[in-house]
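As a plain string of letters, each chain reads:
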2 protein chains.
Amino acid sequence: MSIINVKGTHDIIGKESELFHYVESLMRLISKQYAFSEVRPPVLEHSELFVRGVGESSDVVRKEMYTFLDKGERSLTLRPEFTAGIMRLIVQNKLYATNDLPLKYFYLGPVFRYERPQLGRYRQFNQFGVECVGGNSYFYDVETISLAYDILKSLKLNNVVIKINTLGDEESRNNYRLALKEFFKEHIIDMCEDCKQRYELNPLRILDCKVPEDQEIVKNAPKMSDYLTNESKERFQRVLSALEQLEIPYIVDDGLVRGLDYYSETVFEFHYTSQNGNNYGAIGAGGHYSHLVKEVGGPDIPGIGFSFGVERIVSVLKDDNILNEEKIDDRVDFYVMPIGEENLNYAYEIARKIRHLDFSVDICLEKAKVPAMFKRAEKKNVRFAIIIGENEVKERKIIIKNLASQQQIELSEDKIFSDIYDIYDQCFSCDGDCENCR
Amino acid sequence: MSIINVKGTHDIIGKESELFHYVESLMRLISKQYAFSEVRPPVLEHSELFVRGVGESSDVVRKEMYTFLDKGERSLTLRPEFTAGIMRLIVQNKLYATNDLPLKYFYLGPVFRYERPQLGRYRQFNQFGVECVGGNSYFYDVETISLAYDILKSLKLNNVVIKINTLGDEESRNNYRLALKEFFKEHIIDMCEDCKQRYELNPLRILDCKVPEDQEIVKNAPKMSDYLTNESKERFQRVLSALEQLEIPYIVDDGLVRGLDYYSETVFEFHYTSQNGNNYGAIGAGGHYSHLVKEVGGPDIPGIGFSFGVERIVSVLKDDNILNEEKIDDRVDFYVMPIGEENLNYAYEIARKIRHLDFSVDICLEKAKVPAMFKRAEKKNVRFAIIIGENEVKERKIIIKNLASQQQIELSEDKIFSDIYDIYDQCFSCDGDCENCR
């Protein structure tokens, strides 16, 4: 009997894996342009880290973590997100003390959430994101949003809508929380069980509730913007005006509170609707935090970060049909066809020689007739076949056949190094009438 | 109180993360040259997969797996290796039926083993490897070893020793197992507990025992080579002679059996001793398998694969001091210094503009005096400072200072696009006397 994958996980194969690699390479490239460097915290952390770092009132911690005891009876958790792990990494390695602040890091890798599997939602999926930690200027909010926006733009995701809001400073949020408690007092009895818990732990969360009846009540709740301190208002205005100057479009969304406890001041989401009208909701999100580093044992320095779901972005790219084949590097340049097993060793030497010149070269090592080999070459979508028979071995040469033009030329082995680039460039684009093709 | 990392895991930061990326990029590049494409099976699999795919007599399955029950009471395991997952992926997605064989895949990512932590051994570490599945020629063994060897060569790991052996076909191994049982019958009572279990489950494993007293006994055990069928002998000879022709050096090691149940015919290891004489043992290993695809529910087709430990390879590279700074891409090209907060918006526009030209640009967003900003620039090892004060904003220009030559030039904003590449190239190598530096 065959064994299948774990529910909610998925295999990435073929063109799709090239697409993931393309997206990730671009994220890496643009992070480098912004002078962010990579960090890799482990997948496994002590469960306590996420309870403290993500917040015990969050859905993620309450319901969605893969937590288990290891053989030493320690409670471990597969990271449901990267931020807490990176805060731990910064504190444990004292990076705040040995580097100029802010620390600017990006990350890339799998995260794990025990969610109900649904279309486009996985229990293991990949996140890319950044954290900018220890900077005191509101302008790091701009820097971080600008980086995210530039990534989406260079992926040609032109329908992005940036929703932005401010949760204000602690004073603003305390005032707002009181106002929300007051407002929901008479409604909470009619609201869902989750909201009842949220009412006790963190009433801001109620604003995120997805239950339609509750959303009706939420509509009339007080607005954050009416409870902001002047400092927070002014800070937010500066962020917005810098975004305008950089021509980064946004929509202020008063209802945006984000599902994590640690946010303060600026929060934002990247929403996407494909050309076909499919609404993907948020494909990425982030915000500013004031005390997260302290929460895991470090100094009291603020930070800001965001993350993208890589699977989400790949889906959007496919839906919008944005990527042309050229960007997907699954080309095989040459296919070497040894005619007869006795010519295999020479054929393999040739294949390896051309590989060393940084071409992608496959070779038929199966016993196969010539027409069958050409069929294989076609299926692999190779550009050139290299035919090696008795005669070629004897005279130490090769026959190169352009599969598009069907023209072929001979090349002596000692000319491979000097001539193969030219042949590759010229013959691929000509119709068989360039000087290499006769 | 601060939370630390889970024992046996490690953080990858700064130059080290660049080193990991460099190594992985090279592995990816050379795999592409060999026409292998990437696959990504999930980290989580049903435990049953590894019991069947890795083998229940293996140390990995018996002692080292991170296994737990999820909320649906399913027994899941964090992959201790990739091969079993890739076999599952091939079978489940019926890749053997929709593609010409062999399937040629590479992989890259974290694996998890609950081992006793020791120098250079981690409980979460990264593996790179390949699987070549469904080919019938012995030459795929050569292809796979050649790929591994080319990767190590291009990493400039010149002290690699390839140890190779054959375990023969089923008949050979059955005969050999009987001979081993016969030989160890009188010794097993004096040997370690593990060996006693191995004696029952798979006596070949005894040859891998690390207990010194047991190794003394093993020395006199019968040799695999005396029990090979003629077919297996001949097959092995062909592999060896092809390696010779390709000038891939090897040592036949009669005692090499590899710690996994599924191997047959060719097995091999890559051993390394650094210039300083540190013996790293095997930094990679692999072998041929006959029935692994069938074992997880697919057709009875053979395969061959190997894996490298990325952490091991990074350690070796550091020890041998092989990588020069150039290959480690942690450069920051420009550091933008706004003098006064009122010039921040313009400064940031400039930074973003130069980032879009694919340079790495950092910007000082903190309130800092000019000398402090230069100190930051120095620490970051940037090539050029860009100074932006009141005057620059007014005239929409920038001052670029080469930190090596200390020369500076002015550039008007509208010339950035056309001139910055030249300035970058010329001023970095000159001593301040090229035409851009006055």
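Residues numbered from 1 in each chain as written. Chains lettered and ligands numbered in written order. Predicted model: local features only at pLDDT ≥ 70, side-chain atom pairs only at ≥ 80, totals over all residues. Heavy atoms only, no water.

(A) Just the pattern of salt bridges, in detail. The full count for this structure, using the stated rule, is 61 salt bridges over all chains. As a salt-bridge pair, B:Arg52 and B:Glu48 come within 3.0 Å of each other at their nearest N and O atoms. You can see B:Arg52 and its partner B:Glu48 sitting in helix α2 (residues 47-53), four residues apart, about one turn around the helix. Judged by its relative accessible area of 40%, B:Glu48 falls in the partly exposed class. Salt bridges linked by common partners bring A:Lys104, A:Glu143, B:Arg355, B:Asp362 and B:Lys380 together as one network. (Salt bridge = Lys/Arg side-chain N within 4 Å of Asp/Glu carboxyl O. Helix = DSSP H or I, 4+ residues; strand = E, 2+ residues; numbered from the N terminus. Buried < 20%, exposed > 50% of the residue type's maximum accessible area, 1.4 Å probe, protein only.)

(B) Region of interest: the sheet that holds strand β17 (residues 408-412) of chain A. All names here are of chain A. Taken in spatial order, the five strands make up an open sheet running β14-β13-β15-β16-β17, and their pairing is mixed. Strands at the two margins of the open sheet, each flanked by one partner only, are β14 (361-363) and β17. Taken over all neighbouring pairs, the strand axes of this sheet differ in orientation by 25° on average, direction set aside. Two strands pair when backbone bridges link them, and strand β13 (residues 334-338) and strand β15 (residues 384-388) are joined in this way by five bridges, in the parallel orientation. Within β15, the position partnered with Met 337 by the bridge is Ile 387. In this fold helix α14 (residues 370-379) packs onto β13, β15 and β16 (397-402), with an angle of close to 165° to the strand it touches most, β13. (Pairing = 2+ DSSP bridges. Axes fitted to C-alpha atoms, helices over the stretch in contact; angles between N-to-C directions. Contact = heavy atoms within 4.5 Å.)

(C) The arrangement of the side chain of B:Asp141 in detail. All names here are of chain B. Tracing the backbone shows Asp 141 in helix α6 (residues 139-154). Given the relative accessible area of 1%, Asp 141 is considered buried. One polar contact links Asp 141 to Arg 235, side chain to side chain, over a distance of 2.8 Å. Apart from the residues lying within four places of it in its own chain, the contact partners of Asp 141 are Arg 235, Val 239, Thr 266, His 288 and Ile 304. (Polar contact = N/O pair within 3.5 Å; in protein donor to acceptor, adjacent residues only side chain to side chain.)

(D) Broad picture of unusual backbone geometry. Residues and elements named next belong to chain A. Following Leu 101, the chain continues to Pro 102 via a peptide bond in cis, the omega torsion being 0°. Looking at where Pro 102 falls in the secondary structure, it is placed in the loop between α5 (95-98) and β6 (103-112). The phi dihedral of Ala 35 is positive, around 60°, even though this residue is not glycine. Relative to the assigned elements, Ala 35 resides in the loop between α1 (14-33) and β2 (37-38). Its relative accessible area of 15% is what places Ala 35 among the buried residues. Phi is positive for Gln 406, which is not a glycine, with a value near 65°. Mapped onto the secondary structure, Gln 406 falls in the loop between β16 and β17.

(E) Quick peek at the sheet that holds strand β5 (residues 75-78) of chain A. Residue and element names in this part refer to chain A. The strand order β3-β5-β4 describes an open sheet built from three strands, whose pairing is antiparallel. Since the sheet does not close on itself, it has two edges, and those belong to β3 (44-46) and β4 (66-69), each with one partner. Taking each pair of neighbouring strands and ignoring which way they run, the sheet shows an average axis angle of 35°. Across four bridges, the pairing between β4 and β5 is antiparallel. By the bridge assignment for β5, Leu 69 is matched with Ser 75.

(F) Just the side chain of A:Ser17, in detail. Of note, A:Ser17 is situated in helix α1. Residue classification places A:Ser17 among the buried residues on the basis of a relative accessible area of 0%. A distance of 2.8 Å separates a polar side-chain atom of A:Ser17 from the backbone oxygen of B:Glu38. If near-sequence neighbours (up to four positions away) are discounted, A:Ser17 is found in contact with A:Ile12 and B:Glu38.

(G) Broad picture of the packing of aromatic side chains. Overall, the coordinates contain 45 aromatic pairs over all chains when judged by the stated rule. Judged by centre distance (6.3 Å) and plane angle (70°), the rings of A:Phe270 and A:Phe306 are edge-to-face. Separated by 36 residues along the polypeptide, A:Phe270 in strand β10 (residues 263-273) and A:Phe306 in strand β12 (residues 303-309) bring together distant segments of the chain. Neither A:Phe270 nor A:Phe306 differs from the other in exposure class; each is buried. For the pair B:Phe270 and B:Phe308, a centre-to-centre distance of 5.6 Å together with 70° between the ring planes defines the contact as edge-to-face. Placement of the pair is B:Phe270 in strand β9 (residues 263-273) and B:Phe308 in strand β11 (residues 303-309), with a sequence separation of 38 residues. For the pair formed by B:Phe270 and B:Phe308, the shared burial category is buried. (Phe/Tyr/Trp six-rings, centres within 6.5 Å; stacked < 30°, edge-to-face > 60°.)

(H) The arrangement of the packing of α1(A) against helix α12 (residues 310-320) of chain A in detail. All names here are of chain A. With their axes 10 Å apart at the nearest point, α1 and α12 run at an angle of 110° to one another. With respect to α12, the element α1 is oriented roughly perpendicular. For the pair α1 and α12, the crossing hand works out as right-handed. Contacts from Glu 16, Leu 19, Phe 20, Val 23, Glu 24 and Met 27 of α1 reach α12 at Val 310, Glu 311, Ile 313, Val 314, Leu 317 and Lys 318. (Parallel < 35°, antiparallel > 145°, perpendicular 65-115°, else oblique. Left-handed = near helix turned anticlockwise from the far one by under 90°.)

(I) Fine view of the interface of chain A and chain B. Between chain A and chain B, the residue contacts involve 102 residues of the former and 102 residues of the latter. Here chain A packs against chain B, burying approximately 8800 Å² in sum over the two surfaces, 50% of which is carbon and sulfur. Counting the contacts that link chain A with chain B gives 16 salt bridges. Across the pair A:Glu18 and B:Lys32 runs a salt bridge whose closest N-O atoms are separated by 2.4 Å. Inspection of the chain A/chain B interface yields 58 residue pairs in polar contact (both at pLDDT 80 or more). A per-element tally of the side of chain A that touches chain B places α1(A) first, with 10 residues. Looking at side-chain class alone, the side of chain A that touches chain B contains 46 nonpolar, 23 polar and 33 charged residues. Pairing between strand β1 (residues 12-13) of chain A and strand β1 (residues 37-40) of chain B: two bridges, direction antiparallel. (Buried area = accessible area lost by both parts, 1.4 Å probe. Nonpolar A, V, L, I, M, F, W, Y, C, P; charged D, E, K, R; others polar.)

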